[in-house]
Amino acid sequence: GAQAGPHLPIDVQGIDADFYTLSCHKMYAPTGIGILFGKMKLIDSVWALMLVYAAMNLSIVVWIIRSYMIDIHPEIEDAARTDGASDLRILWEIIIPMCMPGIITAAVIAAIFAMNEYLFTLIIASKNAYPLSVALANFSGGSDGIIYNAIALVGFLAFFPALLLVILIQNHLSRGLTMGAVKG
């Protein structure tokens, strides 16, 4: 296993030292983003939240859509080119419609991840712009103290649209998540 060194304060036997180092440095990211957005005067703005959510979800969105695009056979594009289609027409009329389940899957997963994000929004948003997860954490239920059944109801109603969306497009989601997983 990895041994404690000058950059690792503890013995991490059995754990990959690079993973440990990256994990520890990732914990400091919200503070750095808070300082950066403070200097850019973006604290407590919708723009800051959109930038953070886009950056956080970009890798998984690209990974999902990439797996769809890899599975498109080159013969389909070649046939369209033979018929005289331009690259833009091939993209809009052939590739994007064939990738639509993957695009829908990526959009739903990114939206759910953004809706569930809590740490970054506590640092960069406070009054004017904060998502549902922070609003729910601040909800106490009423003037009679903490009313747990009201908190549970508000939590359910807040996340019900996401649940309904997932149920309505579950065929696209299951196909989008498993596409490209098994190559034959």
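Residues numbered from 1 in each chain as written. Predicted model: local features only at pLDDT ≥ 70, side-chain atom pairs only at ≥ 80, totals over all residues. Heavy atoms only, no water.

S.K.: Could you clarify how one ought to interpret the nonpolar core in this entry?
M.R.: Membership of the largest hydrophobic core is limited to 11 residues, which are Phe37, Leu42, Ala48, Leu49, Val52, Tyr53, Ala114, Phe120, Ile124, Ala125 and Ala129. Where this core is concerned, the elements lending two or more residues are helix 3 (46-70) and helix 6 (119-124). In contact with Leu49, other than residues within four places in its own chain, are Thr121, Ile124, Ala125, Ala129, Tyr130 and Pro131. With seven residues, the next largest nonpolar core counts Ile72, Ala80, Ala85 and Ile95 among its residues. (Core = buried A, V, L, I, M, F, W, Y, C linked by side-chain atoms within 4.5 Å. Buried < 20%, exposed > 50% of the residue type's maximum accessible area, 1.4 Å probe, protein only. Helix = DSSP H or I, 4+ residues; strand = E, 2+ residues; numbered from the N terminus. Contact = heavy atoms within 4.5 Å.)

S.K.: Please explain the environment of Ile104 as it appears in this structure.
M.R.: Of note, Ile104 is situated in helix 5 (residues 87-116). A residue is classified by how much of its surface remains accessible, and Ile104, at 24% relative accessible area, is partly exposed. Sequence-wise, Ile104 and Leu173 are 69 residues apart; in three dimensions their C-alpha atoms are separated by 7.4 Å.

S.K.: Before we go on, may I ask you to explain helix 3 in this structure?
M.R.: Helical geometry note: an α-helix holds 3.6 residues per turn, so side chains three or four residues apart project in the same direction. Compared with the 36 Å implied by 1.5 Å per residue over 25 residues, the 34 Å span of helix 3 between its first and last C-alpha is a close match. Helix geometry: helix 3 is bent most strongly at Leu58, by close to 45 degrees. Of the residues making up helix 3, those classed as buried are Ala48, Leu49, Val52, Tyr53, Asn57, Ile64, Ser67 and Tyr68. (Expected span 1.5 Å × (residues − 1). Bend = angle between axes of the 7 residues up to and from the residue.)

S.K.: Hey, could you run me through unusual backbone geometry in this one?
M.R.: Note: most peptide bonds trans; most residues except glycine with negative phi. Residue Lys41 is not a glycine yet carries a positive backbone phi of 60 degrees. Here Lys41 lies in the loop between helix 2 (29-39) and helix 3. Positive phi, normally seen in glycine, also occurs at Asp44, with a value near 65 degrees.

S.K.: Any chance you could explain the packing of helix 5 against helix 8 (residues 148-168) here in plain terms?
M.R.: Packed helices, taken two at a time, are described by the angle between their axes plus the distance between the axes. Running from N to C, helix 5 and helix 8 cross one another at 160 degrees; their axes reach a closest spacing of 11 Å. Here helix 8 runs roughly antiparallel to helix 5, going by the angle between their axes. For the crossing formed where helix 5 meets helix 8, the hand is left-handed. Here helix 5 contributes Val108, Ile112, Met115 and Asn116 to the contact with helix 8, which in turn contributes Phe159, Ala162, Leu165 and Val166. In terms of residue class, the contact of helix 5 with helix 8 is made up of seven nonpolar, one polar and no charged. (Axes fitted to C-alpha atoms, helices over the stretch in contact; angles between N-to-C directions. Parallel < 35°, antiparallel > 145°, perpendicular 65-115°, else oblique. Left-handed = near helix turned anticlockwise from the far one by under 90°. Nonpolar A, V, L, I, M, F, W, Y, C, P; charged D, E, K, R; others polar.)

S.K.: Hey, could you run me through the packing of aromatic side chains in this one?
M.R.: One pass over the full model with this rule turns up one aromatic pair. Between Phe156 and Phe160 the ring centres are 5.5 Å apart and the planes differ by 45 degrees, which places this aromatic pair in the tilted class. Of this pair, Phe156 and Phe160 both sit in helix 8, four residues apart, which is roughly one turn of the helix. Assessed through its relative accessible area of 45%, Phe156 is described here as partly exposed. By relative accessible area, Phe160 is classed as partly exposed at 34%. (Phe/Tyr/Trp six-rings, centres within 6.5 Å; stacked < 30°, edge-to-face > 60°.)

S.K.: How should I be thinking about the pattern of salt bridges in this particular structure?
M.R.: Side-chain pairing between opposite charges can occur once the charged atoms of the two side chains come close. Inspection of every chain in the model, using the stated rule, returns two salt bridges. A salt bridge links Asp87 to Arg81, with the nearest nitrogen and oxygen atoms 2.7 Å apart. The exposure class assigned to Asp87 is exposed, which follows from its relative accessible area of 52%. Take Arg81: its relative accessible area is 41%, and that puts it in the partly exposed class. A salt bridge links Arg89 to Glu93; the nearest nitrogen and oxygen atoms lie 3.0 Å apart. Of the two residues, Arg89 and Glu93 are both situated in helix 5; the distance of four residues between them amounts to about one turn of the helix. The partly exposed category is assigned to Arg89, whose relative accessible area is 47%. (Salt bridge = Lys/Arg side-chain N within 4 Å of Asp/Glu carboxyl O.)

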